[in-house]
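Tertiary structure, described
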Amino acid sequence: MKLAWLQCVDPSILKTLEAKLIYALKPKLNEQLPSSNTLFSYLHKANQSTSPTKTQGSKLAHAILAALVDAPCSGYDLAKRFDGSVGFFWSASHQQIYRELSKLEDQGSISAESIVQAGRPDKKLYTVTDLGEQQLKDWIAQPCEPTPIKDDLLVKIFAGHIASNQMILAELERHQKAHLEKLSTYKDLEQECLQNPQELPESAKFQYLTLLNGITYETHWLAWCDQVIQTIKKL
């Protein structure tokens, strides 16, 4: 057994420092240690929660780290990002986001700075720590499987022969309108990106690639929808 002693002159960074050491050294602690030993209890908990192969136990955690890695922001602003750009490919409720932020802060993946606001409640500004960035890099390096399709509309079309054609067409046209609106939003964003493509930072260029995926998907979906509508009208 090896023991080490590290003196920390700034208590405010102690939790983050401990989490980093645990992530790097991966100590195997005795699970029978008394719970009254605060330091060892925390170390054991952090060792379990910062494993790079189980990054925070939630896929939402990776999406949050990805949204924060370029620039700090408050929980409110992060939730708005999930209503917009990040939300185009990863949806989450505001409650889910705030719960995950709390977990990530406890695990040392992000840090929070309290910002005093005149006449308004203080807000927290969240920043990805070095540990959180490394966890995100580790996750990116891991292979991921294609997401299985679960689409209610396709199930309805599959069994559409038991319903009226008018009913199926009405449902298709409702979806068609929603996809047209989303494609229009994507196209507007694309025009903003293409105004000065050379001036885009590298991070924005990678984010633009996700936008291209959205445009391609919506365009393909609308082409399929139009084909299906024309086919049903001929039945």
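1. Quick word on the overall build of the protein
Within the protein, the regular secondary structure consists of 9 helices and 3 strands. Residues counted as buried form 30% of the 235 residues belonging to the protein. For the protein, contacts bridging at least 24 residues in sequence account for 57% of all contacts bridging at least 6. Within the structure as shown, the protein displays about 16600 Å² of accessible surface, and the carbon and sulfur contribution to it stands at 57%.

2. Brief notes about the packing of aromatic side chains
Tallied over the entire structure, the rule returns 2 aromatic pairs. Ring centres 4.9 Å apart and planes at 75° place the aromatic pair Phe 88 and Tyr 186 in the edge-to-face group. Linking Phe 88 in the loop between α4 (75–83) and α5 (94–106) with Tyr 186 in helix α8 (residues 165–194), this pair joins segments that are 98 residues apart in sequence. Overall, the relative accessible area of 4% leaves Tyr 186 in the buried class.

3. Describing the pairing of strand β3 (residues 120–128)
Pairing between strand β1 (residues 73–74) and β3: 2 bridges, direction antiparallel. Each residue of the ladder has a partner; that of Ser 74, found in β3, is Leu 125. With 7 bridges joining them, strand β2 (residues 110–117) and β3 adopt antiparallel strand pairing. The residue bridging Ile 115 from the neighbouring strand is Lys 123, located in β3.

4. Here we look at the confidence of the model for the protein
Model confidence for the protein is summarised by a mean pLDDT of 82, while 76% of its residues fall at 70 or above. Per-element confidence in the protein is highest for helix α7 (residues 152–158), whose mean pLDDT is 96, and lowest for helix α2 (residues 38–49), whose mean pLDDT is 39. This stretch, residues 30–57, has a pLDDT under 50; its non-local contacts, to residues over four places away or in other chains, come to 39 contacts.

5. Some thoughts on the sheet that holds β1
With antiparallel pairing, the 3 strands of this open sheet are ordered in space as β1-β3-β2. Unpaired on one side and paired on the other, β1 and β2 mark the two borders of the sheet. The strands touched by helix α3 (residues 59–68) are β1, β2 and β3; relative to β3, the strand with the most contacts, the crossing angle is about 95°.

6. Examining the pattern of salt bridges
A complete count under the given rule lists 6 salt bridges for this structure. Residue Glu 190 pairs with Lys 187 through a salt bridge whose shortest N-O separation is 4.0 Å. A residue pair is termed a helical-turn pair when its members lie 3 or 4 positions apart in one helix, as Glu 190 and Lys 187 do in helix α8 at 3 residues. Glu 190 sits in the buried class, given a relative accessible area of 12%. When its relative accessible area of 39% is taken as the criterion, Lys 187 is described as partly exposed. Look at the salt bridges and you will find they share partners, linking Lys 156, Glu 171 and Arg 174 into a network.

7. Regarding α3
Counting buried positions along α3 yields 8 of 10 residues, so the element is predominantly enclosed. Buried residues of α3: Leu 60, Ala 61, His 62, Ala 63, Ile 64, Leu 65, Ala 67 and Leu 68, and no others.

Definitions and cut-offs
For every chain, the first residue of the written sequence is number 1, and numbering continues from 1 along that sequence. Restriction of local features to residues with pLDDT of at least 70 applies here, the model being predicted, together with a cutoff of 80 or more for giving and counting side-chain atom pairs; totals for whole chains, interfaces and linings are based on all residues. Here the side-chain values reflect all heavy atoms present in the structure, with hydrogen atoms and water set aside. Only DSSP runs of H or I with at least four residues qualify as helices, and only runs of E with at least two residues qualify as strands; both kinds are numbered from the N terminus onward. Burial here depends on accessible area, computed with a 1.4 Å probe over protein chains only, as a share of the maximum for the residue type. Under 20% is buried, over 50% is exposed, and the range in between is partly exposed. By definition in these notes, contact holds between two residues if any of their heavy atoms fall within 4.5 Å. In these tables, accessible area is a Shrake-Rupley quantity obtained with a 1.4 Å probe, and a residue counts as shielded only by the protein chains included in the view. When two rings of Phe, Tyr or Trp (its six-membered ring) have centres within 6.5 Å they constitute a pair, described as stacked for plane angles under 30 degrees, edge-to-face for angles over 60, and tilted for the intermediate range. Strand pairing requires that DSSP identify at least two bridges connecting the strands. For every residue, the predictor reports its confidence as pLDDT, a number between 0 and 100. Think of each axis as a best-fit line through the C-alpha atoms, taken over the contacting stretch in the case of a helix, with angles from 0 to 180 degrees between the N-to-C directions. When a carboxyl oxygen of Asp or Glu lies within 4 Å of a side-chain nitrogen of Lys or Arg, that pair is called a salt bridge.

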